[in-house]
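Chains, contacts and geometry: an overview
Listed here are the chains, written in short residue letters.
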Amino acid sequence: MDTGTHLVIGLGLAGLAYVDPVVAADPMVSTAVLIGTVAGSQAPDADTLLRLKSNAVYIKNHRGLSHSLPALVLWTALISGILWLIFDDLPMAHVTMWVFIAVAFHVFTDLFNTYGTQALRPISERWVSWNIIHIFDPIIFSSHVLAIFIWSVHLMRPEILFPILYAFIALYYIWRSWTHYRLESGLRLQDSTYEPGDRYTLIPTVHLHQWQVVKRKPDGSFKLGELRNRKINWIDRVSCAVHPAVEASKTHPNVACFLYFTSFACAELKEHAWGYEVRWADVRYRHRKQYPFVAVLLLDKKLNPIDSYVGWVSDSRLEKKLRMGGA
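Presented here is an overview of the structure given in this document. (Residues numbered from 1 in each chain as written. Predicted model: local features only at pLDDT ≥ 70, side-chain atom pairs only at ≥ 80, totals over all residues. Heavy atoms only, no water.)

1. Observations regarding the pattern of salt bridges
- This structure, assessed with the given rule, holds 14 salt bridges.
- One salt bridge connects Lys 217 with Glu 195, and the closest N-O pair in it is separated by 3.1 Å. Separated by 22 residues along the polypeptide, Lys 217 in the loop between β2 (210-216) and β3 (222-228) and Glu 195 in the loop between α9 (187-190) and β1 (199-204) bring together distant segments of the chain.
- The class for Lys 217 is buried, based on a relative accessible area of 8%.
- Overlapping salt bridges, with partners in common, bring together Asp 191, Glu 195, Asp 198, Lys 215 and Lys 217 in one network. (Salt bridge = Lys/Arg side-chain N within 4 Å of Asp/Glu carboxyl O. Helix = DSSP H or I, 4+ residues; strand = E, 2+ residues; numbered from the N terminus. Buried < 20%, exposed > 50% of the residue type's maximum accessible area, 1.4 Å probe, protein only.)

And the structure:
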């Protein structure tokens, strides 16, 4: 989820903590829990600081170790330990439990996005992305904001309000999961151009009843479309280039990081007087007829790297970031 949603979830979990009599009975404890759940709901995304090192390092590691099974314990211990140092005589078992719930809930909700996490590390380095909830879901965000407002103006006690909120959120996740499964399972029947070997991925958008469709063809190409009212509208087809320059690009650190993260990468090759431009794009992220999540490598005629870029960028900005004039 996005940072704002994680924040309101942290506040919501602080309200839910009032079902715990130990938390509800002591303002100091409830304050500590509030700090703990807000911090816990943000902590796994501390790896965003890796951007300061490079985009490649960030892309390869974001939602990696910081969202892993050991990290659940480490973040909980770190935040709880800081609270223990700040507050006197805290009931640490209760505080630690609510901090852990916040950390675990952060990782759990990220599994439902397209970006995904490596939540199974160290058991597996596989990226787990269930493609069910958009990174910003207006229902989840607005329901939390409404509940927090009701709590702040004392219209309802938190031990009543927030169990209702999270019962609703649970039902919402179940409904979205079932809807995703039902729609994705039926894509083959909805697609008049289906051919044996076609594989479909259904991707959520910010709109509840609008989905993106990625169809992977047996030849490695992709078809991109939109699903509305159970009808698929195909809007683009992407063929992946095969060339020695494409193969050479795979060994470059920036491209290797990009390919480590995504299995939906497709390469486009442009030949210039000075050499080659290899652009790898993640076809899941199509915006305004462009694919802004890319790894681009410029190579000379002997396939030696000239310049590179990896990250989110528009076509107009990409030329400013690279020496497109070549050597």
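Resuming the write-up.
2. Some thoughts on the sheet that holds strand β4 (residues 231-238)
- Strand order in this open sheet of four strands is β1-β2-β3-β4, and the pairing throughout is antiparallel. Strands with a single pairing partner mark the edges of an open sheet, and in this sheet they are β1 and β4. Looking at each pair of strands side by side, their axes are set apart by 25° on average, direction ignored.
- Of the pairings in the sheet, the one linking β2 to β3 comprises seven bridges and is antiparallel in character. Bridged to Gln 210 within β3 is Arg 228. (Pairing = 2+ DSSP bridges. Axes fitted to C-alpha atoms, helices over the stretch in contact; angles between N-to-C directions.)

3. Side note on helix α6 (residues 92-110)
- Between the first and last C-alpha of α6 there are 27 Å, a value that for 19 residues agrees with the 27 Å anticipated at 1.5 Å per step.
- Buried within α6 are the following residues: Val 95, Trp 98, Val 99, Ala 102, Val 103, Phe 105, His 106, Val 107, Thr 109 and Asp 110.
- Buried positions along α6 lie against α1 (3-16), α2 (21-24), α3 (27-42), α5 (69-86) and α8 (158-185). (Expected span 1.5 Å × (residues − 1). Contact = heavy atoms within 4.5 Å.)

4. Thoughts on the sheet that holds strand β6 (residues 275-282)
- The four strands lie next to each other as β5-β6-β7-β8, forming an open sheet whose pairing is antiparallel. Two strands bound the open sheet, and with one partner strand each, they are β5 (265-272) and β8 (305-312). Strand-to-strand twist across the sheet, computed as the mean angle between neighbouring axes with direction ignored, equals 15°.
- Sheet topology places strand β7 (residues 293-300) next to β8; seven bridges connect them, and they run antiparallel. The partner of Val 294 across the bridge, within β8, is Gly 311.
- Together, β5, β6, β7 and β8 form the strand contacts of helix α11 (residues 253-261), whose direction differs from that of β7 by roughly 150°.

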